[in-house]
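Residues per chain, in single letters:
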Amino acid sequence: MSIFGQINLMDPATPIQEEMMLFHDHALVLLIGIFVFVVILGVNLIFNKMSSRTMLEAQQLETIWTIIPALLLIWLALPSLRLLYLLDEQPSDGVVLKSTAHQWYWSYELPLFSSSSFDSYMLPMADTMNENGMYRLLEVDNRVSVPFEVNTNIITTSADVLHAFAIPSMGLKMDAVPGRLNSMNMFINFPGVYYGQCSEICGANHSFMPIVIESFFFGGRL
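Residues numbered from 1 in each chain as written. Predicted model: local features only at pLDDT ≥ 70, side-chain atom pairs only at ≥ 80, totals over all residues. Heavy atoms only, no water.

Per an unreviewed UniProt entry, the protein is named Cytochrome c oxidase subunit 2, and its organism is Ampullaceana balthica. Taken verbatim from the UniProt record of the protein, the Catalytic activity (unreviewed entry) comment is "4 Fe(II)-[cytochrome c] + O2 + 8 H(+)(in) = 4 Fe(III)-[cytochrome c] + 2 H2O + 4 H(+)(out)". Its UniProt record, at the heading Sequence similarities (unreviewed entry), says of the protein: "Belongs to the cytochrome c oxidase subunit 2 family." (UniProt positions renumbered as here; feature names shortened; annotations may be inferred.)

Let us now look at the overall build of the protein. The helix and strand tally for the protein stands at 3 helices and 10 strands. Mapped in sequence order, the helices and strands of the protein form the string α-α-β-β-β-α-β-β-β-β-β-β-β. Over its C-alpha trace the protein gives a radius of gyration of 24 Å, far above what one expects of a compact globule, namely 17 Å for 222 residues. Each of the three principal axes of the protein carries a C-alpha extent, and together these read 80 × 40 × 35 Å. Within the protein, contacts between residues at least 6 apart in sequence are counted, and of these 64% link residues at least 24 apart. Total accessible area on the protein is roughly 14,300 Å²; 62% of this is exposed by carbon and sulfur atoms. (Helix = DSSP H or I, 4+ residues; strand = E, 2+ residues; numbered from the N terminus. Rg over C-alpha atoms; globule rule 2.2 N^0.38 Å. Contact = heavy atoms within 4.5 Å. Areas by Shrake-Rupley, 256 points an atom, 1.4 Å probe, with all protein chains shown as cover.)

Residues Leu28, Leu31, Ile32, Phe35, Val36, Val39, Ile40, Val43, Ile46 and Phe47 make up a contiguous nonpolar surface patch of about 990 Å² in total accessible area. Overall, the relative accessible area of 39% leaves Val43 in the partly exposed class. (Patch = residues over 30% accessible without salt bridge, like charges linked within 9 Å, V, L, I, M, F, W, Y side chains within 5 Å. Salt bridge = Lys/Arg side-chain N within 4 Å of Asp/Glu carboxyl O. Buried < 20%, exposed > 50% of the residue type's maximum accessible area, 1.4 Å probe, protein only.)

So, on to the environment of Val29. Turning to its location among the elements, Val29 is positioned in helix 1 (residues 15-46). A sequence separation of 43 residues divides Val29 from Leu72, and the C-alpha atoms of the two residues are 11 Å apart.

Once that is clear, we can look at the packing of aromatic side chains. Enumeration over the complete set of coordinates arrives at 4 aromatic pairs. Considering the side-chain rings of Tyr105 and Tyr121, the 4.4 Å spacing of their centres and the 25° angle between planes classify their relative orientation as stacked. Taken together, the positions of Tyr105 in strand 2 (residues 105-109) and Tyr121 in the loop between strand 3 (117-120) and helix 3 (125-129) put the pair 16 residues apart, joining distant regions of the chain. Residue classification places Tyr121 among the partly exposed positions, given a relative accessible area of 36%. Residues Tyr108 and Phe118 carry aromatic rings whose centres are separated by 5.8 Å and whose planes lie at 40° to one another, so their mutual orientation is tilted. With a gap of 10 residues between them, Tyr108 in strand 2 and Phe118 in strand 3 connect regions that are remote in the sequence. (Phe/Tyr/Trp six-rings, centres within 6.5 Å; stacked < 30°, edge-to-face > 60°.)

As structure tokens, this is what we get:
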């Protein structure tokens, strides 16, 4: 969970989110460099006392300011493509978790642990206020329990309208579309409880579809 006044992103819980944060820092270096360069040029133009209406050819300068931005775009594109390919990896081993979106709750199936499905509803605000350590509008009555350090293939779909399965600390965000299955891989590094929400505008109660995943040791729950 993020904390009050937090400036940086949430602590990563999966290798994918770690790669996303590295790419974020990588892109931020480029953006800050461009911003500083433009500010310096702007200040120089403001205090420049030279005035000339004559346009002179500067082919060398045009070549430089064409090649350098192209190199900067390549510097940004290569790690971006690498990250896209990492997001598409789907290991064949591990656990399968199916999540079905409804208005406005989630249904889950874990074939490895149980053949039946269960629903996950948001807890009323009064219940969370009476318990210490519970987050308002984020706690659910049935958490999803998956093992950590095990590949988990999350398959999501929707039973009614468009939804989105999103857990920021794991770098997960995929659409839940009626009549279609979308999947992403999740590899949790640490045991703990991780929170997310539906990030699609799916109706009046769109902001009341929390997702809570609890990771545990494969040999037994914590």
